[in-house]
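Topology and contacts: notes
Spelled out from the first residue to the last, the chains are:
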Amino acid sequence: MGNAYASTKISNVHVKGQIDISGRGYIGGIAGHGYVVMDNVSVVGEGTVYSTFWCAGGILGYAGEGATNITNAHVEGLTITSAAGGLGAIVGMAEDNNGTQPISGANLSAKNVQIKTYTGAYGDAYADYALGYLYGGNPTSKLTGNLSVENVKVETSSGEAP
């Protein structure tokens, strides 16, 4: 799914097998860009979610421009790569617009995930294991419940994009 907006609700979606998803930006295993409610979703398999620009996530590439809530989400076995940062195992980048558009999640897990970017990439220091690079941060954006991270590695190389 490319974009998901406003009243979009995605539930019980499970992507399995060989996964190779790529594009210029806002790339995710289930949706690329949007503000959505997701529940009971997963992306499990071998392969890559790759952005030649920025914002790549195992479930959602970019969450912003509206409230987003992701619950009961799992990502396993992926390599998530972006030339310009904004990376995360669940969501690549999330913007809550100073609390006016809260981002929240509960019961998120990531296992055997590699996150790759290069030094100097926008957001390379924020390649978070769960929500990714959160900017415009506010206490209304939060993660709750069981948050599980197992064997998630962030690799930053110098020079050219990965």
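The model shown is predicted, which means the values in this text are computed figures rather than measured ones. (Residues numbered from 1 in each chain as written. Predicted model: local features only at pLDDT ≥ 70, side-chain atom pairs only at ≥ 80, totals over all residues. Heavy atoms only, no water.)

**Topic: the confidence of the model for the protein chain**
Going by this rule: The quantity called pLDDT is the predictor's confidence in a given residue, expressed from 0 to 100. Each helix is a run of DSSP H or I of at least 4 residues and each strand a run of E of at least 2, with the numbering of both proceeding from the N terminus. Whether two residues are in contact is decided by their heavy atoms, any of which lying within 4.5 Å being enough.
Looking at the protein chain as a whole, its pLDDT mean stands at 78, while 73% of the residues score no less than 70. Within the protein chain, strand β10 (residues 133-135) has the poorest average pLDDT of any element, 50, and strand β2 (residues 9-28) the best, 94. Low confidence marks residues 123-130, where pLDDT is under 50. Its contacts with residues over four positions away, or in another chain, come to 26 contacts. For the stretch residues 135-140, pLDDT sits under 50, and the model shows 17 contacts to residues farther than four places along the chain or on other chains.

**Thoughts on the nonpolar core**
Just so we agree on the cut-off: In plain words, nonpolar cores are sets of buried Ala, Val, Leu, Ile, Met, Phe, Trp, Tyr and Cys residues tied together by side-chain atoms within 4.5 Å. Only protein chains enter the accessibility calculation, which uses a 1.4 Å probe. A residue is then buried if its area is under 20% of the maximum for its type, exposed if over 50%, and partly exposed in between.
Ranked by internal contacts, the top residues of the largest apolar core, which has 31 residues, are M38, I59, L60, I70, I90 and V113. Of all hydrophobic cores here, the second largest spans five residues; its members include W54, C55, Y62 and M93.

**Some remarks on the pairing of strand β4 (residues 37-57)**
Where we set the bar: Here, strands pair whenever DSSP counts at least two bridges between them.
Here 17 bridges tie β2 to β4, and the two strands are oriented parallel to one another. From the neighbouring strand, I21 faces β4, where its bridge partner is V49. Looking at chain direction, β4 and strand β6 (residues 68-82) are connected through 12 bridges and run parallel. Within the sheet, the bridge partner assigned to T48 lies in β6 and is T79.

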